[in-house]
Amino acid sequence: MTRGTLYDGTRLARLHPSQVRDRRFSTVGFGRRGHDPREVRRFLHRVALELATLHHDVARLSEENARIKRALRDWQSAWSERRQA
């Protein structure tokens with residue numbers, strides 16, 4: 001599954017925190033009280049997808065950051081050894 005894509009291939013725009021904070025669900029009619037369960041589930045699925053993507057991105061960037069730091073330390077050590085020789 002690619003970033004921001006549902007199972008059926010539908011592309012979603014990035015979810016902004018204000019969209020979650022300000023989200024309002026329609027109420028269910030016909031004498032019942034509450035929100036439309038399908039609408040809530042759809043929205044929660046979208047939030048979960050966005051969170052999973054963000055967690056994946058954070059993990060990938062943390063690994064890349066560690067790799068770059070190691071490379072910089074290696075380069076500094078090699079440069080220091082050359083200057084001392």
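Heads up: these notes are all about the structure in this document. Just so we're clear, the structure is a prediction, and the values are computed from it rather than from any experiment.

Reading the values: the criteria
- Counting from 1, residues in each chain are numbered in the order their sequence is written.
- Given that the model is predicted, a residue must reach a pLDDT of at least 70 before its local features are reported, and side-chain atom pairs must reach 80 or more before they are shown or counted; all residues, however, enter totals for whole chains, interfaces and linings.
- Note that the side-chain values use all heavy atoms of the structure and ignore hydrogens as well as water.
- Working definition: helices are DSSP H or I runs of at least four residues, strands are E runs of at least two. Numbering for both runs from the N terminus.
- By definition, residues are in contact when any of their heavy atoms lie within 4.5 Å.
- Stacked, edge-to-face and tilted labels apply to pairs of Phe, Tyr and Trp rings (six-membered ring for Trp) whose centres lie within 6.5 Å, assigned for plane angles under 30 degrees, over 60, and everything in between, in that order.
- We call a residue buried when its accessible area falls under 20% of the maximum for its residue type, exposed when it is over 50%, and partly exposed in between, using a 1.4 Å probe and counting protein chains only.

Examined against the element boundaries, Arg46 turns out to sit in helix 2 (residues 37-84). For the pair Arg46 and Arg14, spaced 32 residues apart in the sequence, the C-alpha separation amounts to 9.8 Å. Ignoring sequence-local partners within four residues, the contact set of Arg46 consists of Leu12, Ala13, Arg14, Leu15 and Gln19.

Quick look at the packing of aromatic side chains now. Applying the stated rule across the entire model yields two aromatic pairs. Aromatic side chains Phe25 and Phe43 sit 5.6 Å apart centroid to centroid with 75° between the ring planes, which places their arrangement in the edge-to-face category. On the criterion of sequence distance, the pair formed by Phe25 in the loop between helix 1 (17-21) and helix 2 and Phe43 in helix 2 is long-range, its members being 18 residues apart. Judged by its relative accessible area of 22%, Phe25 is partly exposed. We classify Phe43 as buried; its relative accessible area is 8%. Residues Trp75 and Trp79 carry aromatic rings whose centres are separated by 6.0 Å and whose planes lie at 5° to one another, so their mutual orientation is stacked. Remark: Trp79 and Trp75 occur in helix 2; sequence separation between them is four residues, near one turn of the helix.

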